[in-house]
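Below, each chain spelled out in residue letters.
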Amino acid sequence: HGRSLTFMVAETAALRPPEKQRERKGQEQKPSQAQERTYLEAGLYGNSLNPAGGATVMLWPFRNVGLQGIYTVGVFTSYEGRLLVKIENQSGFNPYLGAGFLHVSKKANIIGVDTTFEDSKVSGVAGVEVLLGSRLRGYVEVIGTGINLDKYGTNGALTSHATVRY
């Protein structure tokens, strides 16, 4: 079973509400941060327990429900797709939960044979979004998954069972 402590920094593409919603009694008002809606975020992704780094893209088709794609390379190579639900707070610290599908692979040598260990499983995530500026957000999260990287390797008459911890 695997656990990860990860962090992300993402730049957002925020769109303001339509003009009709911003006008009151003939006056145009400046939109507040709460009125702006984020649809797309792209950024850097890092995993501190299984050292790896890469990219992430988040799409928010609804204000508090989004989709995320992640690709990382490091000790392990992984990619993941997620569905996220977040709760917005006035404090700027927005907790979120999600579920996804994670694929992990790692190349290793077993008794003289190069072998690729890989597994794919459902993952769960809990984290906090932190507003770092008008277009910059940071994320800290904990991920849990049932990834199991084990394999049998054969070299001539030798057979060995190996497990890589994720």
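Residues numbered from 1 in each chain as written. Predicted model: local features only at pLDDT ≥ 70, side-chain atom pairs only at ≥ 80, totals over all residues. Heavy atoms only, no water.

(A) Expanded view of the environment of Ser105. Here Ser105 shows up in strand E8 (residues 93-110). For Ser105, a relative accessible area of 17% gives the class buried. As a C-alpha pair, Ser105 and Ser78 span 27 residues in sequence and 6.3 Å in three-dimensional space. Look past the residues within four positions of Ser105 in its chain and what remains in contact with it is Phe76, Thr77, Thr116, Phe117 and Glu118. (Helix = DSSP H or I, 4+ residues; strand = E, 2+ residues; numbered from the N terminus. Buried < 20%, exposed > 50% of the residue type's maximum accessible area, 1.4 Å probe, protein only. Contact = heavy atoms within 4.5 Å.)

(B) Quick peek at the side chain of Ser78. The topology assignment puts Ser78 in strand E7 (residues 77-86). For Ser78, the side chain forms a polar contact with the side chain of Thr72, separated by 2.6 Å. Once residues within four sequence positions are removed from consideration, Ser78 is found in contact with Ile70, Tyr71, Thr72, Leu102, His103 and Val104. (Polar contact = N/O pair within 3.5 Å; in protein donor to acceptor, adjacent residues only side chain to side chain.)

(C) Representation of the nonpolar core in the model. Core analysis: the biggest nonpolar cluster contains 11 residues, these being Met8, Ala10, Tyr45, Met58, Trp60, Ile70, Leu84, Tyr96, Val125, Tyr139 and Ile143. When residues of this core are traced back to their parent elements, those giving at least two are strand E1 (2-15), strand E5 (52-62) and strand E10 (136-145). Residue contacts for Ala10: discarding those within four places in its chain leaves Glu41, Ala42, Gly43, Arg135, Leu136, Arg137 and Tyr139. (Core = buried A, V, L, I, M, F, W, Y, C linked by side-chain atoms within 4.5 Å.)

(D) Structural context of a nonpolar patch on the surface. A grouping of Tyr39, Leu40, Val57, Leu59, Leu67 and Leu83 is seen on the molecular surface, where their side chains present a nonpolar patch of about 500 Å² in accessible area. Only strand E4 (37-47) and E5 provide two or more residues apiece to the nonpolar patch. With respect to the helices and strands, Leu40 occurs in strand E4. By relative accessible area, which is 41% here, Leu40 ends up partly exposed. (Patch = residues over 30% accessible without salt bridge, like charges linked within 9 Å, V, L, I, M, F, W, Y side chains within 5 Å. Areas by Shrake-Rupley, 256 points an atom, 1.4 Å probe, with all protein chains shown as cover. Salt bridge = Lys/Arg side-chain N within 4 Å of Asp/Glu carboxyl O.)

(E) Here's a closer look at the pairing of E8. Sheet topology places E7 next to E8; 10 bridges connect them, and they run antiparallel. Pairing of Lys86 across the sheet is with Tyr96, part of E8. Counting the residues between successive antiparallel strands, the hairpin from E7 to E8 contains 6 residues, one of them, Gly92, with a positive phi of roughly 90 degrees. Pairing of E8 with strand E9 (residues 113-131), which is carried by 18 bridges, proceeds in the antiparallel orientation. For Lys106, the partnering residue across the bridge sits in E9 and is Phe117. Remark: 2 residues form the turn of the hairpin made by E8 and E9, two consecutive strands paired antiparallel; Ile111 in that turn has positive phi of roughly 40 degrees. (Pairing = 2+ DSSP bridges.)

(F) Local environment of the pairing of E4. When E4 meets E5, the two strands line up antiparallel, connected through 8 bridges. The residue of E5 that forms the bridge with Ala42 is Val57. Counting the residues that bridge the hairpin from E4 to E5 gives 4 residues.

(G) Main features of the environment of Thr38. Here Thr38 is to be found in strand E4. Sequence spacing of Thr38 and Trp60 is 22 residues, and the spatial spacing of their C-alpha atoms is 6.7 Å.

(H) Expanded view of the side chain of Glu80. Here Glu80 lies in strand E7. Overall, Glu80 belongs to the buried group, its relative accessible area being 8%. At 2.4 Å, the side chain of Glu80 and the side chain of Ser123 are in polar contact. Setting aside chain neighbours within four positions, we find Glu80 in contact with Gln68, Gly69, Ile70, Phe101, Leu102 and Ser123.

Purely spatial values, then, with no claim about function.
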